[in-house]
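# Descriptive structure summary
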Amino acid sequence: MRIYEECRVWESGKFLLRLAEKEDCDDLLKVYSDKNALPFFNSDNCDGDNFYYATRERMEEAYRFWKLSYENGWFARLSIVDKSASCVIGTVELCLRVSEDEFNNTGILRVDVRSDYEKEDSLYEIMALITPHIPELLGCHGIITKAPIYAVERIKAIQRAGFTKSEHYLIGKGGYAYDGYWVMK
């Protein structure tokens with residue numbers, strides 16, 4: 001999986017995606033302590049972590065885990081930089097799903113942004129920036145992402161990016177079935 005050999009930088013007109021850095025923690029704290037953004041974060045199968053980090057210490061702890069996870073090839077967490085505001089406004093997580101369900105050998109795309117960026121155009125630009133590269137980066141045959149039914153702007157963005165609603169559930173640890181997934185083949 002190439003992303004763990006070298007994590008390059010992707011750039012669009014408004015955003016830049018690069019591997020998360022410790023220096024991002026102050027900006028990331030604004031994302032992960034944003035109670036209005038929290039309902040849009042995908043924490044399925046994440047061992048009870050809901051990605052709400054209210055203190056700098058907790059944000060740094062999460063960052064250390066993200067770094068360890070990248071070094072071990074579990075997942076890659078990229079910071080989303082708003083170039084005009086010169087700040088990190090969220091993250092993209094990429095990982096390969098190995099499972100017994102319909103989503104085996106599928107790349108998982110998680111996009112967490114501050115609530116003021118939970119807008120169709122911003123989400124679409126971020127997704128369009130990374131989705132074409134995911135199969136090569138992860139060695140997968142498709143991509144899934146989650147959008148709850150109330151995530152109206154997110155659903156518009158993922159449809160625009162080429163995702164379609166999946167009829168299948170993601171089967172998590174212990175057999176729990178998660179819904180709300182969209183797929184791109």
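For the structure, see preceding data.
Residues numbered from 1 in each chain as written. Predicted model: local features only at pLDDT ≥ 70, side-chain atom pairs only at ≥ 80, totals over all residues. Heavy atoms only, no water.

### What about the overall build of the chain?
- Looking only at helices and strands, the chain features five helices and ten strands.
- The C-alpha atoms of the chain give a radius of gyration of 15 Å, which matches the 16 Å a tight globule of 185 residues would have.
- Summarising its shape, the C-alpha atoms of the chain cover approximately 40 × 35 × 30 Å along the three principal directions.
- A burial count over the chain gives 54% of its 185 residues as buried.
- Accessible surface, the chain: about 9,000 Å² in total, of which carbon and sulfur atoms supply 49%.
- Looking at charge distribution, the chain has the averaged site of its 24 positive side-chain charges lying 2 Å from that of its 31 negative ones. (Helix = DSSP H or I, 4+ residues; strand = E, 2+ residues; numbered from the N terminus. Rg over C-alpha atoms; globule rule 2.2 N^0.38 Å. Buried < 20%, exposed > 50% of the residue type's maximum accessible area, 1.4 Å probe, protein only. Areas by Shrake-Rupley, 256 points an atom, 1.4 Å probe, with all protein chains shown as cover. Lys, Arg positive; Asp, Glu negative; His and termini not counted. Charge placed at Lys NZ, Arg CZ, Asp CG, Glu CD.)

### Re the sheet that holds strand E3 (residues 76–82)
- Overall, mixed pairing links the eight strands, which are arranged E1-E2-E3-E4-E5-E6-E10-E7 in an open sheet. Looking at strand neighbours, the two that pair on one side only are strand E1 (10–11) and strand E7 (164–165), the edges of this open sheet.
- Where strand E4 (residues 87–97) meets strand E5 (residues 106–113), eight bridges bridge the pair, whose relative direction is antiparallel. By the bridge assignment for E5, Leu96 is matched with Gly107.
- In the packing of helix H1 (residues 25–32) onto the sheet, the strands contacted are E3, E4 and E5, and the crossing angle to E4 comes to about 80°.
- Running at roughly 15° to strand E10 (residues 181–184), helix H5 (residues 152–161) makes contact with E5, strand E6 (143–146) and E10 of the sheet. (Pairing = 2+ DSSP bridges. Contact = heavy atoms within 4.5 Å. Axes fitted to C-alpha atoms, helices over the stretch in contact; angles between N-to-C directions.)

### Brief notes about the nonpolar core
- Membership of the largest hydrophobic core comes to 63 residues, with the highest contact counts inside it found for Leu94 and Leu109.
- Here Leu94 is in contact with Ile3, Tyr4, Phe75, Ala76, Leu78, Ile108, Leu109, Ile130, Ile134, Leu137 and Leu138, once residues within four sequence places are set aside. (Core = buried A, V, L, I, M, F, W, Y, C linked by side-chain atoms within 4.5 Å.)

### Structural notes on the side chain of Thr106
- Tracing the sequence through the fold places Thr106 in strand E5.
- When neighbours within four sequence positions are excluded, Thr106 is seen to be in contact with Cys95, Leu96, Arg97, Cys140, Gly142, Ile143 and Ile144.

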